Each structure stands twice: as C-alpha cells, then as structure tokens.
Amino acid sequence: MDERTAMSLERSGPLADDRHAAQRWLACDGPMVSISARGWRRRPAPHPSGQRKRTVTWVDDGGDPVSLGAFRKAVESAERHAGPGAEVEHELCTTGARLDDAWCRFLAERDVLVGLSVDGDLAAQTSAEGVALAHRRILGAAQLLRRHGVDCNVVCRVHAGNAGRPQELYRCFRDEIGVRHVQFLPIVERSAPVRRGGHLRAGPATVSERTITPEQWGAFLVAVFDEWVRRDVGRQFVKIFEDTLAAWSTATRRPRAARAGGERLPLDCRCCPVLFACEGGRPADRFAESPDGEPGLNYLCAGYREFFDHVDQPMRVMAALLRGGRDAGAIMNVMARYERERPAVWSRA
Ligand code: SF4
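A brief report on the enclosed structure follows. The structure presented is a predicted model; accordingly, all values stated were derived computationally and were not measured. (Residues numbered from 1 in each chain as written. Predicted model: local features only at pLDDT ≥ 70, side-chain atom pairs only at ≥ 80, totals over all residues.)

On to the nonpolar core. Core analysis: the biggest nonpolar cluster contains 69 residues, and Val154 and Val158 have the highest contact counts within it. Here this core gets nine residues from one element, more than from any other, and that element is helix H10 (residues 301–323). A domain-level breakdown of this core finds at least three residues from each of domain 1 (14–211) and domain 2 (249–346). Those residues within four positions of Val154 in sequence are excluded, and the remaining contacts are Leu116, Val118, Phe173, Ile177, Val179 and Val182. (Core = buried A, V, L, I, M, F, W, Y, C linked by C-beta atoms within 7 Å. Buried ≥ 20, exposed ≤ 12 C-beta atoms within 10 Å, placed from the backbone. Helix = DSSP H or I, 4+ residues; strand = E, 2+ residues; numbered from the N terminus. Domains from an automatic or database assignment. Contact = placed C-beta atoms within 7 Å.)

Below, the discussion takes up helix H7 (residues 239–249). Residues of H7 that are buried: Ile240, Phe241, Thr244 and Trp248. Looking straight down H7, one finds that the buried residues subtend no more than 100° of arc, so they occupy a single side. On its buried face, H7 sits against strand E7 (181–186), helix H6 (214–231), strand E10 (237–238), helix H9 (275–278) and H10. (Arc of directions from axis to C-beta.)

Moving on, we get to the site of the ligand. Around the ligand lies a shell formed by Asp268, Cys269, Cys272, Val274, Leu275, Cys278, Gly280, Gly281, Asn298, Cys301, Tyr304 and Arg305. Secondary structure elements with two or more residues in the shell around the ligand: helix H8 (267–270), H9 and H10. Split by residue class, the shell around the ligand holds seven nonpolar, three polar and two charged. (Near = placed C-beta within 6 Å. Nonpolar A, V, L, I, M, F, W, Y, C, P; charged D, E, K, R; others polar.)

A word on the pairing of strand E4 (residues 87–94). The side chains of a regular strand alternate, residue by residue, between the two faces of the sheet. In terms of residue burial, E4 counts as a mostly covered element, since six of its eight residues are buried. As judged from the four bridges shared by E4 and strand E5 (residues 113–118), these two strands associate in the parallel manner. Bridging from a neighbouring strand, Cys93 pairs with Gly115 of E5. A crossover links E4 with its parallel partner E5, the connecting element being helix H3 (residues 101–109), and its sense is right-handed. (Pairing = 2+ DSSP bridges. Right-handed = clockwise from strand over helix to strand, strands pointing away.)

The following block contains the structure:
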C-alpha cells in the first residue's frame, strides 16, 4: 500500500463515514492512520526521501474512547517513524466529547487540526431540547479549542431529521461555533435486503428511516448555497461548493468519469450534463436504478441534479471571475446589483 493510500479500518458505520469525511475533506500528503481504544492500527512507513511534508489523520468516533495517553503515544510514534527531515502534520476528526484542557494543550502543542464531527449530536437531534443540549456541547468544544489556539472545522451529517434546517445549521456553524470550513455529508443507510430473483439484494426502497431523501438533499444544498453565494464566498468554505467551483473552473468541462469509483456508471450518468462535477456521486450510494431499469445510479441523483442545475449560473460567473484573475467573492456584488436591477436574471439561483 503506497503512502497516499488510506489505511483501512476494520469497522463500518459512523467511524467509516468519519474516515471518508477526513479523507475527502483534508488534503492528504501522506498515510492516514486511525486510532481507537485498541490503539493505532499501523505505523506510517518512513518517507523514502524523508523530506516531504506528511499528513496523518486520526479518527476518534466518540463511541470508542481514546485516551490522551494513547493519542500522545501514537502522535509521537508517527513522528519518530516519519523519517529524518520530514514534517508531520496531524489532523484529528472527533466528536469533541472528551476534549478538555489537557487534550487541548496537547493539540495546540502539536498544532493538530481538529475536525469536529457533528453526528449523533447537534445534527442528529430532532427535538428542541436535544438540539439545545447538543448545541451547548459542540459550542463548548469549539470554544475550548479556540481558547487553546487549536484550529477546528466541522463535519456535519445531514439526514431526514435535520434536512429541513439547512440555514439554521449553517448559521450555527458560522455565527455561533465560528468555524470557517464546513463539510455536509448526506446520511444514506440501507436497511434490510430484499429477495429478488432468488438473491438477497438491497434496493432503493430499503433505506432506513433516518436516510435523507434525494429531494431533501437537493433542497438542503440549494438553501445553504443561496445563503453562501450571497454573503460568504471567500469567507466561509463549504466543501461541496468549493469542489463544484473547482469543477466549473476547469478549462474543459468534459465528462471524464464514465468509470468512476472503479465501476462503470449507468447510461444516465454517462450522458449527464453535470457528470464532470458529480462523477456519479459516492460509490456507496450507487444502488438505485435509472428510469430505464439500469442499476448503479446514485440514490441521491435527483438531489444532485437539482443542486447542480441551481448553481450553474453563479458557478459560471465565479469561474469566469477566477479565469480573469479576479476574486470569486465578487459574485456577491454582482448578484446584489442584478437582484436589485434585474431580479429575473437570477431567478434560478
Ligand atoms: S446527477 Fe445523477 S445522472 Fe448525473 S452524474 Fe450525478 S448521479 Fe449520475
């Protein structure tokens, strides 16, 4: 396994989601290693040149307590094995439930970037009481980290219970928790498999109750985007918006992923005008059937289509600004002016 390959975890569920979040969100220039109560799983191999900067991502899912002592040992061991001259950066994805002054002092001392995983917590609460409680806990963790000078971001899972509160969540992360980088991850859980043609198969109708619907996912992204594009471009960083802008900004917006995630995409994807940005969505969610009955379509396809259609026009403007050497944030002035003078121009945005 080469050094850019994330080391596999033996667990599935929330921890795996955290791992994916960390893998996708945080730029990796080295091996990723997970840590659990059983200790860290594998040592990163020394970099042959010993010169490059290397990033090690640690995942602490909150359900499997990691002591500060174990984490300290793992960090020190990673640094010892990094090779002479190599600079090691550590990133921790955590619920923040066990953070205290001692943890934060160590995180600050080692300059660890912390991704606060908002799951089973603020994002999972559906009652006002639960939201308030979870909110206090996340806020407390973020404040503690900030007090100790530790950088932190948020990874938020979106599901049927919180999908109706896009602006509330986004504003909470921005205004109250005060993070600049946010990643939203849709929760898609397949429940019991169904028997089809003599075989047990999971079908689109067998997702759990908590699973977000494609329509909810599309509406959620659109609502957050509308707020972000009018006031936060260049100030707040939402992973899917940054990725989408990068896709719109590339000179050739040719579909380049007829085969994505190691599998051939269905015809609907191969002919899709937003394939260059969507790339068929997460491989794990490609269990729906296309209208023609072809398997392998992403369960959230309709949501992605709604989002990418909605952002097309502003993305074109931002891409043009960037190509012209200007700041993409100028879109906010452009939109404000056009909305005042010619509101119909942005009717789709
Ligand atoms: S929007 Fe739907 S059809 Fe288009 S690439 Fe994504 S999953 Fe495929």
